[in-house]
Amino acid sequence: MAAAVSGEDFTNLQLLLKAPSKDAVRDVCVQSHRAPSRRLAETTAAAFSIPAAQAAQLVQSLHILSHHVLFYNLSSPEQILALFPESFHSSLKNLITKILLENSPTWRTEAVSDQISLPQLKELDWRVDMVTGSDSVSRMSVPTCLVQLKMEDPCPSAGGESVSTVTVELSRESLDTILDGLGRIRDQLSVVAGK
Amino acid sequence: MQLHFTKDVLPDSVSTDFQNLNKFNEQQFHRLIEILFQFLLEPKETERFMQHLTEFAGEHGMSAGPLRNLMKSVLLVPQGALKKNLTAEQIKDDLLTLGLNEEKAAHFAQQWGEHYAALSRLAVGQTLMVNQLVDMEWKFGVTVGTSEVQKVGNVFLQLKLVVRKGNSTENVYMELTLPQFYNFLHEMERAKASMECFS
């Protein structure tokens, strides 16, 4: 969630000056975005030779900053630089800004695809069969369609499966009705897109 | 006895029942056949069928019980004939073999011919379908913002499929992105084209 970035956060960010390399800064920025975990804090503490408690605060502050940038879609250097206090280390400020701008597009795409939603349709397969007989009519010749839908739930409930499969059978009439419905959706969508 | 409508050996009572049918006059027989076909066209209406037979029995001074048993035997013929896609000719043959007189057999066969298309459709409609799709509902909209990204603008489509599972239905909910929707539409069009090859 997008918490506001506080003065204390920026103080924590200055710990990045202890990083062994620019790549190390980049790594911790990217990893903290996903989750400011304890393991990350520990590896950072080791890499930067700083106490674990400080590393934890650094990682947390980085997380807050990157999510703030993401939430408000700060996409220009000026917008991001404006967040930093006057006294902040200049080169570090530029480096952090550069890293944030580089990763923003990916982070945005990920956030949008990870958002809460109903199970998402992942795969669709179909087959058309010819029914040649049944217990009610021994000789017949009726086509029928089987559609298999694979769905993935991005936030499955505890103990629930994330991937589920449903196979439905459609008669010719049902398929026509569905296509009718889908056609109407397509028409409505083009009206919306046209606006 | 060589019959088209069944390969099974029929109990003797069936022959007896058909011979008893001959005893009805033309008007009575026509009415019984009318009741019979009404039931065949709406096979779920067993109550109504029984009721019609009881009324008929009352009107003609006979007991309902024996009449019902007689009609149960008579039902075997059209039910078997439907399974085997018999023609009017074949059904008439079978009725004659079973002992029904020429005039009555001809009338029955004629009624069969008239109702055959509707009865076939009904039988086909009763064919087993697994997880039959009964209904589809949808809504689509635009996601304006999320907790992670303040301003978003992507279109989503939500579908609800109602699937028959045994005697009850199950709802399946899903969400599709725009490209997924177009793919879904495309695949369904291909499936329809494939089905149309067979007709």
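From a predicted model like this one, the values you see are computed outputs, not experimental measurements.

**Here's the deal with the interface of chain A and chain B**
As a measure of interface size, the accessible area lost when the parts come together is often cited.
And step 1. With 55 residues of chain A in contact, the opposing surface of chain B contributes 53 residues.
And step 2. Across the chain A/chain B interface, buried area totals approximately 5,100 Å², and carbon plus sulfur atoms make up 69% of it.
And step 3. Among the salt bridges present, the one from Lys192(B) reaches Asp176(A), with a minimum N-O distance of 2.9 Å.
And step 4. Taken together, chain A and chain B are joined by 18 residue pairs in polar contact (both at pLDDT 80 or more).

**Section: the UniProt feature "domain: COMM" (unreviewed entry) in chain A**
And step 1. If you check UniProt for "domain: COMM" (unreviewed entry), the listed places come out as residues 120-193 of chain A in our numbering.
And step 2. Summarising residues 120-193 of chain A: 30% helix, 42% strand, and an end-to-end C-alpha distance of 22 Å.

**Things to note about the packing of helix H4 (residues 64-83) of chain B against helix H5 (residues 88-98) of chain B**
Helices that pack against each other are described as a pair by the angle of their axes relative to one another and the distance between those axes.
Residue and element names in this part refer to chain B.
And step 1. Contact geometry of H4 with H5 gives a least axis separation of 11 Å together with a crossing angle of 145°. Between H4 and H5 the crossing geometry is right-handed. Contacts from Val 77, Pro 78 and Ala 81 in H4 reach Ile 91, Leu 95 and Leu 98 in H5.
And step 2. Residues that form the contact of H4 with H5 fall into these classes: six nonpolar, no polar and no charged.

**A few points about the nonpolar core**
And step 1. Core analysis: the largest hydrophobic core is formed by 41 residues, its most contacted members being Phe18(B), Leu21(B), Leu67(B) and Met71(B).
And step 2. Of all elements in the fold, only helix H1 (12-21), helix H2 (26-41), helix H3 (46-59), H4, H5 and helix H6 (102-125) of chain B reach the threshold of two or more residues within this core.
And step 3. Ranked by residues supplied to this core, first place goes to H4(B) with nine residues.
And step 4. Core analysis: the next-biggest nonpolar cluster, separate from the first, contains 36 residues, Val25(A), Ala55(A), Ile64(A) and Val149(B) among them.

**Observations regarding the pattern of salt bridges**
Any two side chains of opposite charge can pair, so long as their charged atoms come close to each other.
And step 1. Going through the model one piece at a time under the given rule, you end up with 15 salt bridges over all chains.
And step 2. Between Glu196(B) and Arg172(A) there is a salt bridge, with its nearest N and O atoms 3.9 Å apart. Here the residue Glu196(B) occupies a position in helix H7 (residues 178-197), and Arg172(A) occupies one in helix H7 (residues 172-194), the pair thus bridging two chains.
And step 3. Through salt bridges with shared partners, one network takes in Asp23(A), Arg26(A) and Glu102(A).

**Focus: the pairing of strand E2 (residues 154-165) of chain B**
Residue and element names in this part refer to chain B.
And step 1. Bridge analysis of strand E1 (residues 132-143) against E2 gives 11 bridges, and the strand direction is antiparallel. Looking at E2, one finds that Gly 141 is bridged to Phe 156.
And step 2. Here E2 folds back onto strand E3 (residues 168-177) in antiparallel fashion, the turn holding two residues, of which Gly 166 has a positive phi close to 65°.

Each value, and the rule that gives it
- Residues numbered from 1 in each chain as written.
- Chains lettered and ligands numbered in written order.
- Predicted model: local features only at pLDDT ≥ 70, side-chain atom pairs only at ≥ 80, totals over all residues.
- Heavy atoms only, no water.
- Contact = heavy atoms within 4.5 Å.
- Buried area = accessible area lost by both parts, 1.4 Å probe.
- Salt bridge = Lys/Arg side-chain N within 4 Å of Asp/Glu carboxyl O.
- Polar contact = N/O pair within 3.5 Å; in protein donor to acceptor, adjacent residues only side chain to side chain.
- UniProt positions renumbered as here; feature names shortened; annotations may be inferred.
- Helix = DSSP H or I, 4+ residues; strand = E, 2+ residues; numbered from the N terminus.
- Axes fitted to C-alpha atoms, helices over the stretch in contact; angles between N-to-C directions.
- Left-handed = near helix turned anticlockwise from the far one by under 90°.
- Nonpolar A, V, L, I, M, F, W, Y, C, P; charged D, E, K, R; others polar.
- Core = buried A, V, L, I, M, F, W, Y, C linked by side-chain atoms within 4.5 Å.
- Buried < 20%, exposed > 50% of the residue type's maximum accessible area, 1.4 Å probe, protein only.
- Pairing = 2+ DSSP bridges.

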